[in-house]
Amino acid sequence: MSNTDQVYPPSAEFAAQANATAEMYQRAKDDPNEFWAEQARQLSWDTPFSTVLDWSDAPFAKWFADGKLNVAVNCVDRHVDAGKGDRVAIHWIGEPGDTRDITYSQLKDEVSKAANYFTAIGLQTGDRVAIYMPMVPEAIITMLACARLGLTHSVVFAGFSSAALRARVDDAAAKVVVTTDGQYRRGEPAPLKAAVDEALGTGDDAAPSIEKVIVVRRTNHDPDLPWVDGRDVWWEDTVEESSPVHEPEAFDAEHPLFLLYTSGTTGSPKGIVHSSGGYLTQANYTFHNVFDHKEGRDVFWCTADIGWVTGHTYIVYGPLSAGATEIVYEGTPNSPDEHRHFNIIEKYGVTTYYTAPTLIRTFMKWGREIPGAHDLTSLRLLGTVGEPINPEAWRWYYDVIGGNRCPIVDTWWQTETGGHMLAPLPGVTTCTPGSAMGPLPGISAKIVDDNGNELPTGEQGYLVLDQPWPGMLRGIWGDPQRFKDTYWSRFAEQGWYFAGDGARYDENGALWVLGRVDDVMNVSGHRISTAEVESALVAHPAVAEAAVIGAADETTGQGIVAFVILMEHATPGDELIAEMRNQVAVDISPIAKPREINIVPELPKTRSGKIMRRLLKDVAEGRELGDTSTLVDPSVFEAIRSQRG
Ligand code: ATP
Ligand code: MG
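Analysis parameters
Residues numbered from 1 in each chain as written. Chains lettered and ligands numbered in written order. Predicted model: local features only at pLDDT ≥ 70, side-chain atom pairs only at ≥ 80, totals over all residues. Heavy atoms only, no water. UniProt positions renumbered as here; feature names shortened; annotations may be inferred. Helix = DSSP H or I, 4+ residues; strand = E, 2+ residues; numbered from the N terminus. Buried < 20%, exposed > 50% of the residue type's maximum accessible area, 1.4 Å probe, protein only. Near = heavy atom within 4 Å. Polar contact = N/O pair within 3.5 Å; in protein donor to acceptor, adjacent residues only side chain to side chain. Areas by Shrake-Rupley, 256 points an atom, 1.4 Å probe, with all protein chains shown as cover. Nonpolar A, V, L, I, M, F, W, Y, C, P; charged D, E, K, R; others polar. pLDDT = per-residue confidence, 0-100. Salt bridge = Lys/Arg side-chain N within 4 Å of Asp/Glu carboxyl O. Domains from an automatic or database assignment. Contact = heavy atoms within 4.5 Å. Buried area = accessible area lost by both parts, 1.4 Å probe. Core = buried A, V, L, I, M, F, W, Y, C linked by side-chain atoms within 4.5 Å. Pairing = 2+ DSSP bridges. Axes fitted to C-alpha atoms, helices over the stretch in contact; angles between N-to-C directions. Phe/Tyr/Trp six-rings, centres within 6.5 Å; stacked < 30°, edge-to-face > 60°. Lys NZ or Arg CZ within 6 Å of the ring centre and 35° of its normal. Parallel < 35°, antiparallel > 145°, perpendicular 65-115°, else oblique.

> Sorry if this is basic, but what is going on with the UniProt feature "binding site: ATP" (unreviewed entry) in the chain here?
When the UniProt feature table is mapped onto this chain numbering, "binding site: ATP" (unreviewed entry) sits at Gly386, Glu387, Pro388, Asp410, Thr411, Trp412, Trp413, Gln414, Thr415, Asp501, Arg516 and Arg527. The largest pairwise C-alpha distance within this set of annotated residues, which runs over 142 residues, is 27.1 Å, so the set is dispersed in three dimensions. Residue placement: Asp410 occurs in strand β20 (residues 408–411). Since its relative accessible area comes to 6%, Asp410 is described here as buried.

Following this line, the structure appears as structure tokens:
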């Protein structure tokens, strides 16, 4: 790969003030249980734990099992009790430009009101609540109110269809759906409750578990909003009218805090179950160390949606358990124009910005003049998550957004892992662009072959997690067998978790995640990673985004098929295609030259910004599309098919 020789050591200034230290790696290795106990003690426990890990019923882990805590108290009340009630927890920015600043004291009142109302309607510890909402403060308030009562929440991304919502409501047997009347989409109100009505049905068709639908007024777009009497209530008439005083109780560390469905990149989504004490420990630990959080000084911004795990861990539980001040933005990055994110960074003095590679590549496509028009000097740390970041985009992010000053943390993790697993420690690690560097202190990973043998430097294999960790999933909702089959069967003998991703170590010991092993292509017996070919294509100045798949090929086994989006200034044509193929040959090998390059206007993505390669493969191999329930925009396929002719 080109330019991998340039590495980025931390500056002396950053290192001098960093939360993380190099000795943490050794300390965690010497005594992992003591290391994790120390992290867990950063939280407030009503009953302190005396055991750390119980792995006797593997793969069903228990962490801090005899301890009791309240997750919402840890995220809200304890900061108020410590005299920080006036600190802003959330600077909320609505898409149309309305704003709300919510202090920790106010957050405590709001969460308490919701908890009181949820109790009044008969919800009890262990019941499930579905949350189908845009990025409004009430979504976070609802999550925390559930945590306060020991209700298990299930957030369903508000861009999903009514069918996807219904499937998730039924799977979890949720008693309540919390939603809004509508949501803003690029300045225009669009209905949302209508999708809830459709999902929940009526008469014989009605979702059997549902008792109430609580509706937050957001867009107020419909004076005749359809209403089911007895089932539907307005948040303003119920939660808002409830008492702001609520006495919390403590729950077992293993109490299920939430379930959340994976993004569906590789197959049908799985309802991942997370715990309370172990999950919150890992959220808090990684937030403090990987984001180098400085209480009372930093302004943190994670641009994810609460509909996926990044929003759970790094908008809700990580930052709030740490007493952080953060930005929550409702809308899209180009509403009303492409300056939106940079305006927000400038106005609020954002110090820490965490986003996905897909957005960074979009910013690159829009051009550096846009961030260049803003004072971004408040930034001191940048992060990425969701997909491998190609080195080209990493360097652009470092230079154009970070002003060659901010460390970048490339964080590899999954819905299943609950929090960061592989990432550099800012102030400690010398970074290689494109690499997630290695396991965090306390985390253990290996790269192995089919038989579980560790592979030497340079060879790609399976990324496995060979030790349990506190934030690990506790199962798939209602399906223990699928949990074992999906994650624990490949290396059952060794008792390792197989993450689904391929990886390799480079000669400097940096770990490169190469994408899903299911996506690794086999061309005439050569194993080629989709991520590497994509990275080579994106390194061409005319290319903004690329997705690569291996399609069945009579002569070579698989042939490489690429789909690329061009930069605005680029001129499509045979010459350009030849250049792109050549770029791959030079960067990787002539064997990796795509058989076919399609120039397309859009790529199929999940709402969390990941390319759905399995659907592109369906197109390339002429099949019906598989599960598209989590796809943002199904119409992209018409455009893609018409380009292929
Ligand atoms: P499904 O499991 O339903 O197919 P998904 O795997 O896309 O969906 P997530 O849990 O949201 O659902 O995504 C986790 C995956 O995202 C990882 O397994 C990995 O493939 C990819 N990923 C996340 N962060 C990084 C990163 N920093 N570098 C490389 N890959 C990453
Ligand atoms: Mg996955």
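After that view of the structure, there is still more to cover.
> Looking at this model, I keep getting lost on the site of ligand 1. Mind explaining?
Neighbouring residues of ligand 1: 22 residues in total, closest Thr262, Ser263, Thr265, Thr266 and Thr415. At 3.5 Å from a nitrogen atom of ligand 1 is found a main-chain nitrogen or oxygen belonging to Pro388. Thr411 places a polar main-chain atom, nitrogen or oxygen, 2.7 Å from a nitrogen atom of ligand 1. Its free accessible area being 640 Å², ligand 1 has 97% of it covered by the protein chains. Listed by contribution, the elements that provide at least two residues to the shell around ligand 1 are β20 and β25 (511–516). Partitioning the shell around ligand 1 into residue classes produces five nonpolar, ten polar and seven charged.

> Teacher, can you tell me more about the confidence of the model for the chain here?
Averaged over the chain, the pLDDT score is 94; the fraction of residues at 70 or greater is 99%. When pLDDT is averaged over each helix and strand of the chain, the minimum, 76, is found for helix α19 (residues 636–644) and the maximum, 99, for helix α9 (residues 277–290).

> So what exactly am I meant to see when it comes to the pattern of salt bridges here?
Per the stated rule, a full pass over the model turns up 39 salt bridges. The partner of Glu138 in a salt bridge is Arg100, with the nearest N and O atoms 3.2 Å apart. Of this pair, Glu138 sits in helix α6 (residues 137–149) while Arg100 sits in strand β5 (residues 99–103), and the two are 38 residues apart along the sequence. Note on Glu138: relative accessible area 11%, which makes it buried. Relative accessible area serves as the criterion here: at 31%, Arg100 is assigned to the partly exposed category. One salt bridge connects Arg231 with Asp232, and the closest N-O pair in it is separated by 2.6 Å. Asp232 carries the same exposure label as Arg231, and that label is buried. Through salt bridges that share partners, Arg361, Glu387, Asp519, Glu534, Glu545, Lys605 and Arg613 make up one connected network.

> Hey, could you run me through the domain arrangement of the chain in this one?
In many reports, interface size means the accessible area that the parts give up when they come together. With domains assigned, the chain is organised as domain 1 (24–393) and domain 2 (524–644). For domain 1 and domain 2, the distance between their C-alpha centres works out to 33 Å. Across the contact, 23 residues belong to domain 1 and 23 residues belong to domain 2. Contact between domain 1 and domain 2 buries roughly 2000 Å² in total, counting both sides, with carbon and sulfur atoms accounting for 55%. Per-residue buried area on domain 1 facing domain 2 is highest for Thr265, Lys365 and Glu387; these three make up 28% of the total on that side. For Glu387, the salt bridge is made with Arg613, and the minimal N-O distance between the two is 3.4 Å. At the boundary of domain 1 and domain 2, one finds five residue pairs in polar contact (both at pLDDT 80 or more). Of all the secondary-structure elements, those providing two or more residues to the side of domain 1 that touches domain 2 are α7 (162–172), α12 (357–366) and α14 (391–401). Take the side of domain 1 that touches domain 2: its biggest share by element is four residues, from α12. Split by residue class, the side of domain 1 that touches domain 2 holds eight nonpolar, ten polar and five charged.

> How do you make sense of helix α16 (residues 530–538) when you look at a structure like this?
Here α16 lies mainly inside the structure; nine of its nine residues are buried. All of the buried residues in α16 are Thr530, Ala531, Glu532, Val533, Glu534, Ser535, Ala536, Leu537 and Val538.

> In this structure, what is going on with the nonpolar core? I would like to understand it.
In globular proteins that are soluble, nonpolar side chains generally tend to be buried together. Counting residues in each nonpolar core, the largest one holds 112 residues, and the members touching the most others are Phe64, Leu107, Phe118, Leu144, Val316, Tyr317 and Leu320. Here this core takes nine residues from α6, the largest share from any one element. The contacts of Leu320, once residues within four sequence positions are left out, are Asn74, Cys75, His79, Ala89, Tyr104, Leu107, Ile140, Leu144, Ile315 and Glu326. By size, the runner-up hydrophobic cluster in this structure holds 32 residues, among which are Trp301, Ile370, Ile389 and Trp394.

> Explain the sheet that holds strand β16 (residues 299–302) here, please?
Paired through backbone hydrogen bonds, the strands of a sheet run either parallel or antiparallel to each other. Spatially, β5-β4-β17-β16-β18-β19-β20 is the arrangement adopted by the seven strands of the open sheet, whose pairing is mixed. Both edges of this open sheet fall to β5 and β20, since each of them pairs with a single strand only. Across the sheet, the axes of successive neighbouring strands diverge by a mean angle of 15 degrees, strand direction being ignored. Relative to β20, strand β19 (residues 381–385) is paired through four bridges, and the arrangement is parallel. Opposite Leu382, over in β20, you have Ile408 as the bridge partner. Strands in contact with α12 are β18 (352–355) and β19; relative to β18, the strand with the most contacts, it is inclined by about 100 degrees.

> Help me understand the sheet that holds strand β12 (residues 232–234) in this model?
Taken in spatial order, the eight strands make up an open sheet running β12-β11-β8-β6-β7-β14-β15-β23, and their pairing is mixed. In the strand order of this sheet, the two ends are held by β12 and β23 (475–476), each with one partner. Pairing analysis gives three bridges linking strand β11 (residues 212–216) to β12, with the strands arranged parallel. Paired with Val213 across the two strands is Asp232, which belongs to β12. Sheet contacts for α6: β6 (128–132), β7 (152–155), β8 (176–180) and β11; angle to β6, the most-contacted strand, approximately 170 degrees.

> Help me understand the packing of aromatic side chains, please; the structure alone is not making it clear to me.
Ring pairs (aromatic) are described by centroid distance and by the angle formed between their planes. Under the counting rule described, the total for this entry stands at 37 aromatic pairs. On the numbers, 4.8 Å between centres and 85 degrees between planes, the contact of Phe287 with Phe300 is edge-to-face. With Phe287 in helix α9 and Phe300 in strand β16, this pair connects stretches of sequence that are 13 residues apart. For the pair shown, Phe287 and Phe300 are each scored as buried. Considering the side-chain rings of Phe291 and Phe300, the 4.9 Å spacing of their centres and the 55 degrees angle between planes classify their relative orientation as tilted. Of the two residues, Phe291 and Phe300, neither departs from the other in class, the shared state being buried. One aromatic cluster in this structure is built from Trp55, Phe60, Trp469, Phe483, Tyr487, Trp488 and Tyr497. Directly above the aromatic system of Tyr261 lies the positively charged group of Arg168, at a separation of 5.1 Å from the ring centroid.

> Would you explain the packing of α12 against α14 in this entry?
A pair of packed helices is captured by two measures, namely the crossing angle of their axes and the spacing between those axes. Contact geometry of α12 with α14 gives a least axis separation of 10 Å together with a crossing angle of 70 degrees. It follows from the interaxial angle that α12 and α14 lie roughly perpendicular. For the pair formed by α12 and α14, the contact residues are Ile360, Arg361, Phe363 and Met364 on the first element and Glu392, Ala393, Trp396 and Tyr397 on the second.

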